Amino acid sequence: MGRILIANLFLPSTVGFSFDTVPRDAIGSRFLQREESKDWIEDAPLDAPLDENAILSEDDEDEDDQGDLNSNDNRHYPPYRSDSTPSASTSSSDNDDDDDDNQSATVLSDLPEEVESSSRPSSLHASTASMPGIRSQAGTPSVHSGTGSPKLDDPLSNLQKLLKKRGRRHLAFNDDEGLSLPPSRHQSPPPSNVLASYKRRTSNDRDMQSFARRASRSLSFSTGHGGGLHPGRRMTFDAEAWKKISYRILPNSYGNASFYNAVHAADRTGKFDEHFFIGTSGVPTDSLPDMVKQKISDDYLTSHKSIVVYPSDTDFVGHYNHYCKNILWPTFHYQIPDNPKSKAYEDHSWANYVKVNQKFADSILANYREGDMVWINDYHLLLVPQMVREKIPAANIGFFLHIPFPSSEVSRCLATRQEILRGMLGANILGFQIPEFAYHFLQTCSRLINIDIRKDGTVSLDGRKIEIVALPISIDPAALDKQLQSNQVQHWIRVLRDRFKGKHIILSHDKLDPICGLRSKLLSFEIFLHRYPQYRENTILLQIAPESLQDNLHLPLISDIVTRINSSYSNIASRHVPVILLRQKISIHQFLALMTISDALIDNSLREGISLTSHQFIYAQRERHRPLILSEFVGSSSILGHNAIVVNPWDYSNTADAFYKALSMSPSECEERSKVMCNLILRHDATSWAITFGTLIKESWKEQQANDKSKLTFNADLILKPYHNAKKRLLFLYFEGTITSWGSQNQSVTSGLQRTVNLLTDLTADPKNTVYIISALGRQELDQLFQRVPRLGLVAENGCFTRAPPTADALPPSEQQIAALWKSEIKDVDLSWIKTVTEIFSYYAERAAGSYVEEKDASVALHLREAEDPEFASWAAKECCESVNNFDIPCRATIQNDTVICRSSKVSKRLAVEDIYKSNGADFDFIFSASNETDDDSVFRWIAGFKHMGPKPPFTHTVYVGDHDYGTYADSESSGVFGFLQAFEKVFS
């Protein structure tokens, strides 16, 4: 059994270094920048075992709002921040055994209206002692217990005293064994050669690159507390010292936590194959010697089943901070970047993006074994599938996108749209969160690149069939139950219920990102307070807003609105503040407790995928059954439907009424809605999601392999013996492009028609044969073309009409005889759409010189083969199909032989051939079909079904005729019309 190679930008774990063991040589000086070794605390003993299930969960990755709270580890590992040191503690309690359960400190409503992550500990308490992993800016105000007023303290000395008093071991402050994380590249600055400011250049800095190099060198060799070089020290490389460097592999604070937890949950069932993660460690590595990188890689592989990728720091920053976050992320969320900041980095950051993707592809290729499955995740690695496919054409590759995929009108704004789409299409199967995102991808492929989309939602490219599936991820109920029942969560539930007694809590958790809709939410809440004064004194909107890359841009606007609301509706006497903005992450236990005691949760993102925070709230509210307010532009709304209170985030008035509805809804209605939503989210939990998508990757690859192995080049020997042994045969031959070269109608009549007529005459001369020609042509045209062929059946307009073979030997049959033989397959079928479709086709025909519209009895055709501009004609055909198929009319348009044909959705070739089979006795022992249309896959599948019919199934064979890269259900292929005719004629000659 093969392994699963899971590629994700960040590994589930990162590296924590002991800076005291980093050699003070030239390389070490570049690695130890400024005072970076002084601001990390780890809330576990040094020798504690690592549990890789301990993935942070409150939206740990700032891209998809999918942080899962289903962690099985109580430790909280804060991400590194190079500009912060632990905050001071002003009170503590020694009466509680659990470090997270201290109750002596001030709680939420005692805090200022806005709590910054740089000036407040990550806790609902003001006490630093109550939470591990606390950081605040050195020298900034710290909230003093019991007063609610800020006080300046020495954070370093107070925290050391506190930890010493409590016997806690911390691992940062001049500790001989102290560990610290190097600066996270997630928050690292852009490359110096890009951001070096002209304002800082002196008269001698004429060359920009020279200045950037000097600025970078100055930063790398800066002297300072614990990290710089002493004056006069000789810069050397101490190989022996580097061998002794101390580090630990720790749970990563960045990465898609919901995905990691889903994989770990599936692994616990024993139904998930052996797997290895491939990704970056999330820390700068350029300054590390190769021997240290190799040692880290070996430890990752042996102890954590992970493979480390080492892109350069410059490529990583350009890839992640700039192309991913400034271009892909906003575009995929319908916020098209159009500002100087994003444009300034577009050119170089695309090159960085390609390089990082290539690094991942190279790592996969280096570790790939035959039989392995490759699972690539998210928008950071969109190019990897095709990069791997180019080197290993038969690789089993799956790709899952964890964020929305925009409509074609938005995605076409990307300058690199073609490269991105083709990169994704290197996979065997593409997974999206909901059907809407999958449809957008198919629509974009159809409009922007010249590939074919089938009715079943698959894509044909390079002879491969690529499956497109929608599979929403969800929560892990078992892990979430364990957390909810823990002592820490139960303690916080008691504390918060007591503290907010008599208050209505509306909870929200978003990043400070315009896409998350904080502004519209706050404005709606302001209208709610104005419109419903009875809730002004007893309702609190508790907004948790962890930092993000967009902080500096979006924060001032949000802060102004919060200040205005609190200035208008706060009550000093009762110490009531209507809006509490926490600009920080809080512990898992505190957030679960808040979910449990809240009266409603709102997620009104302007565009988002699956909101696992909403799913977790529903699960945490199984006893209280409180309602959920959800934006209609969040993917979860398509799953939960009207059971949630669905709002348009741009409709402030309606959202304000939604707040009132949530707080005033009757208990019985709340319970009914909550139970239905709980059942919906548990249909596909995290475990089943991971197992299901892994299974789909395997099945799609097996189907492709079986299809490739079974595809034979058509020759007479494949059907010669069964043909002559058969007693009753049924043959379906498509006319255009299969038994005659297809051009305009006149070209079809004059080019090779005599050979076709001779072939059909020989076939129909055998009384054992029942032969039908299928065509897009009308009845009169087919009658005229084949009036000299006896005993020939016809199917006109792709299944709208059928004509049984004439029984009279005299030729040609009379007009009355012909008219009596035709049978309509469109009885009681609504054809009122023909006028509308004709108008649409005419619109495109006017713009494509040389094209024309043909209106038939039951279908409409737009002929584009003779258009003067073939490239424009190809675009017009796809646009025309999209325009028609997006109308709410009972028809479907498809592209066949450079012609757009529209017919009723209630008519098909398969229905026509099934009717022919039954009307001719249904006792054939030889069934054959040949076509050059992918639209005939339904016919091929129907014929293939006879292979499993009864003890003596009929012999069946299907042939795809053409030189296009279609992966069809046909048994064999032929390169073209003449090759097929030459082989086919040998069967009966």
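The name an unreviewed UniProt entry assigns to the protein chain is Alpha,alpha-trehalose-phosphate synthase, from the organism Schizosaccharomyces octosporus. As its UniProt record puts it under Sequence similarities (unreviewed entry), the protein chain is described as follows: "In the N-terminal section; belongs to the glycosyltransferase 20 family."

Undergrad: Any chance you could break down the overall build of the protein chain for me, citing the residues and the numbers?
TA: Assigned secondary structure in the protein chain consists of 33 helices and 33 strands. Buried positions account for 61% of the 989 residues belonging to the protein chain. For the protein chain, contacts bridging at least 24 residues in sequence account for 76% of all contacts bridging at least 6. For the protein chain, the accessible area works out to roughly 38700 Å², and carbon and sulfur atoms hold 49% of it.

Undergrad: Outline the environment of valine 939, listing residues and values.
TA: Within the secondary structure, valine 939 is located in helix H32 (residues 937-944). According to the relative accessible area criterion, valine 939 is buried, its value standing at 2%. Sequence separation between valine 939 and tyrosine 969 is 30 residues; the distance between their C-alpha atoms is 9.2 Å. Beyond its immediate stretch of four places on either side in the chain, valine 939 contacts Lys909, Arg910, Val913 and Ser929.

Undergrad: An account of the packing of helix H19 (residues 612-620) against helix H22 (residues 667-681) is needed here, citing residue identities and associated values.
TA: For any two helices packed against each other, one specifies the inter-axial angle together with the distance between the axes. H22 packs onto H19 with a crossing angle of 125° between their chain directions and a minimal axis gap of 9 Å. In terms of their interaxial angle, H19 and H22 are classed as oblique. Of the two elements, H19 crosses H22, and the hand of that crossing is left-handed. Together, His615, Ile618 and Tyr619 of H19 and Ser674, Met677, Cys678 and Ile681 of H22 make up the contact between the two elements.

Undergrad: Please set out the sheet that holds strand S27 (residues 852-855) residue by residue, giving values where relevant.
TA: Two pairing modes exist for strands in a sheet, parallel and antiparallel, and in both the strands are linked by backbone hydrogen bonds. Reading across from one edge, S27-S28-S30-S29 is the order of the four strands in this open sheet, with antiparallel pairing throughout. Edge positions in the open sheet fall to S27 and strand S29 (891-896), since each of these has one partner strand only. Sheet twist, expressed as the mean angle between neighbouring strand axes with direction ignored, is 20°. Two elements, S29 and strand S30 (residues 899-904), share six bridges in a ladder whose sense is antiparallel. Looking across to S30, one finds that cysteine 891 is bridged to serine 904. Packing of helix H29 (residues 833-847) onto the sheet brings it into contact with S27, strand S28 (859-863), S29 and S30, and relative to S28 it is tilted by some 5°.

Undergrad: So what's going on with the sheet that holds strand S26 (residues 822-824)? Which residues, and what values?
TA: Taken in spatial order, the nine strands make up an open sheet running S21-S33-S32-S31-S22-S23-S24-S25-S26, and their pairing is mixed. Looking at strand neighbours, the two that pair on one side only are strand S21 (712-713) and S26, the edges of this open sheet. Across six bridges, the pairing between strand S31 (residues 926-931) and strand S32 (residues 955-961) is parallel. Counted as the bridge partner of serine 931 is tyrosine 960 from S32. Helix H31 (residues 909-919) rests against strand S22 (729-734), strand S23 (769-774), strand S24 (792-796), strand S25 (801-803), S26 and S31 of the sheet, and its axis sits at about 155° to S22.

Criteria and cut-off values
- Here the residue numbering is sequential within each chain, running from 1 through the sequence in written order.
- Predicted model: local features are reported for residues with pLDDT of at least 70 only, side-chain atom pairs are reported and counted for 80 or more only, and whole-chain, interface and lining totals are derived from all residues.
- Heavy atoms throughout the structure, all of them, feed into the side-chain values; hydrogens and water do not.
- UniProt positions are given in the numbering used here, feature names are shortened, and annotations may be inferred rather than shown by experiment.
- Here a strand is any run of E in DSSP of at least two residues, a helix any run of H or I of at least four, and the numbering for each starts at the N terminus.
- Exposure classes here rest on a 1.4 Å probe applied to the protein chains alone. A residue is buried below 20% of its type maximum, exposed above 50%, and partly exposed in between.
- In what follows, residue pairs with any heavy atoms lying within 4.5 Å of each other are defined as contacts.
- Method for areas: the Shrake-Rupley scheme with a 1.4 Å probe, in which residue coverage is limited to the protein chains shown.
- Convention adopted: a line fitted to C-alpha atoms gives each axis, helices being fitted over their contacting stretch, and angles between N-to-C directions are expressed from 0 to 180 degrees.
- To sort the angles, those under 35 degrees are grouped as roughly parallel, those over 145 as roughly antiparallel, those from 65 to 115 as roughly perpendicular, and the leftovers as oblique.
- Helix crossings get a hand from a simple test, with the near helix turned counterclockwise from the far one by less than a right angle marking a left-handed crossing and a clockwise turn marking a right-handed one.
- Pairing between two strands requires that DSSP report at least two bridges joining them.

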